[in-house]
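Here is how the chains run, residue by residue.
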Amino acid sequence: FYLDCFHDDIFRILDAKKENTDERVRLSDLSIGIILRDKFMMLAGKDEGFYTFAPHSVFRATGIKLSDIDMNEWYDKLVANPKVRKTYHEAEEMRELLANVAAESGYPYVVFRETMNELHVFKNAAIYSSNLCTEIFQRMCQKYGVQCTLASINIATAILDKSLGQTVENVMWHLNGVVDRVDLSVVEAISNALRDFRSVGLGTANLQGAFAYFGIPYESETAIDFVRAIYSTIRYHVLKASCDAVS
């Protein structure tokens, strides 16, 4: 699950993923993510302290859920409101905790909320969260649930076979076929999302295998150029296949 960086429990949740945490409270089997806000990034960039807020007190004081609040507009108001329960932290605390937890457990996943809402296609609705792998950004309301039909390709195999573009387009064709044929009417909100949004996702595997085959050091400039070229090619053929599907 994801938790907002301004949620009053965020430090306790992150601490509970550390390897040396008391086993009675350690979240050994729970995957976690953090929603970072522009307001937090601005404060952290200035090395200023910040407050986290108790969600129920925010709702009681403002009538708005913490997840719905625009922190760029409301942060200073929440800080100044004596009815809102809050805790002060140094920005360095969060930076160190995120780095330590990531080094020990690989968590948390990260979503930049304002960036996500600026770039996604649903301009008439806010996106609050994602799945942990962050490939699914969809609106969620009473009518719509979150749905995505996923597949993956082996990058190394597709490159060595000189079939990357055709492989991508073939997989997209099959994903669209699944959307056309699957029946999810037992869950109405998911069925509505499937019908109206037709969300599909194409993942990749074995990038490291391609690096190894071509002798490319993982952190080299060549690796960066390689990734840009490969994923630009994938993006082109994904968009081409999607346009072909509706033409």
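This structure is a prediction, so every number in the text was calculated from the model and none was measured.

### Re the overall build of the protein chain
Across its full length, the protein chain carries eleven helices and seven strands. C-alpha atoms of the protein chain, sized along the principal axes, occupy 60 × 45 × 35 Å. Classification of the 247 residues of the protein chain by burial places 39% in the buried group. Counting only carbon and sulfur atoms, one obtains 54% of the accessible surface of the protein chain, whose full area is about 14,500 Å². In the protein chain, 26 side chains carry a positive charge and 33 a negative one; their mean positions are 6 Å apart.

### Looking at the pattern of salt bridges
Here the structure, examined in full by the defined rule, presents eleven salt bridges. Between Lys 240 and Asp 244 there is a salt bridge, with the nearest N and O atoms lying 3.2 Å from each other. A residue pair is termed a helical-turn pair when its members lie 3 or 4 positions apart in one helix, as Lys 240 and Asp 244 do in helix H11 (residues 221–246) at four residues. A relative accessible area of 31% means that Lys 240 is categorised as partly exposed. Asp 244 gets classed as partly exposed once you look at its relative accessible area, which sits at 42%.

### Observations regarding helix H2 (residues 38–45)
Where H2 is concerned, the buried positions are Lys 39, Phe 40, Leu 43 and Ala 44. The arc that holds every buried residue of H2, seen down its axis, measures 130°, which confines them to one face. In this structure, the buried residues of H2 make contact with strand S2 (33–36), strand S3 (50–53), helix H4 (71–80) and helix H5 (91–105). Looking one or two residues beyond H2, the residue adopting positive phi is Asp 47, at roughly 60°.

### Structural notes on the nonpolar core
Residues Phe 6, Leu 14, Phe 40, Phe 50, Phe 53, Met 71 and Met 94 are the most contacted members of the largest nonpolar core, which totals 27 residues. Taken together, the elements giving at least two residues each to this core come down to helix H1 (10–15), S2, H2, S3, H4 and H5. With five residues, H5 is the largest single contributor of residues to this core. Counting 19 residues, the second-largest nonpolar core is a separate cluster that includes Ile 155, Ala 156, Phe 211 and Ala 241.

### Side note on helix H9 (residues 188–197)
Along H9, the residues that are buried comprise Ser 191, Asn 192, Ala 193, Leu 194 and Phe 197. Looking at the buried side of H9, the elements it contacts are strand S6 (149–154) and helix H8 (164–181). Among the residues trailing H9, Arg 198 stands out with phi positive, at a value near 50°.

### Thoughts on the packing of helix H10 (residues 207–214) against H11
For the pair H10 and H11, interaxial distance at closest approach is 12 Å and the crossing angle is 125°. When the axes of H10 and H11 are compared, the pair comes out oblique. Seen along the crossing, H10 lies across H11 with a hand that is right-handed. Across the interface between the two elements, Leu 207, Ala 210, Phe 211 and Phe 214 of H10 pack against Ala 223, Phe 226, Val 227 and Tyr 231 of H11.

### Notes on the side chain of His 7
Along the chain, His 7 falls in the loop between strand S1 (2–4) and H1. Reaching out from His 7, the side chain makes a polar contact with the backbone nitrogen of Asp 9 at a distance of 3.0 Å. Apart from the residues lying within four places of it in its own chain, the contact partners of His 7 are Thr 52, Phe 53, Pro 55 and Leu 66.

### Considering a nonpolar patch on the surface
Residues Met 41, Val 110 and Phe 112 make up a contiguous nonpolar surface patch of roughly 240 Å² in combined accessible area. Checked against the element boundaries, Val 110 lands in strand S5 (residues 109–112). You can call Val 110 partly exposed: its relative accessible area is 36%.

What counts, and where the lines are drawn
Residues numbered from 1 in each chain as written. Predicted model: local features only at pLDDT ≥ 70, side-chain atom pairs only at ≥ 80, totals over all residues. Heavy atoms only, no water. Helix = DSSP H or I, 4+ residues; strand = E, 2+ residues; numbered from the N terminus. Buried < 20%, exposed > 50% of the residue type's maximum accessible area, 1.4 Å probe, protein only. Areas by Shrake-Rupley, 256 points an atom, 1.4 Å probe, with all protein chains shown as cover. Lys, Arg positive; Asp, Glu negative; His and termini not counted. Charge placed at Lys NZ, Arg CZ, Asp CG, Glu CD. Salt bridge = Lys/Arg side-chain N within 4 Å of Asp/Glu carboxyl O. Arc of directions from axis to C-beta. Contact = heavy atoms within 4.5 Å. Core = buried A, V, L, I, M, F, W, Y, C linked by side-chain atoms within 4.5 Å. Axes fitted to C-alpha atoms, helices over the stretch in contact; angles between N-to-C directions. Parallel < 35°, antiparallel > 145°, perpendicular 65-115°, else oblique. Left-handed = near helix turned anticlockwise from the far one by under 90°. Polar contact = N/O pair within 3.5 Å; in protein donor to acceptor, adjacent residues only side chain to side chain. Patch = residues over 30% accessible without salt bridge, like charges linked within 9 Å, V, L, I, M, F, W, Y side chains within 5 Å.

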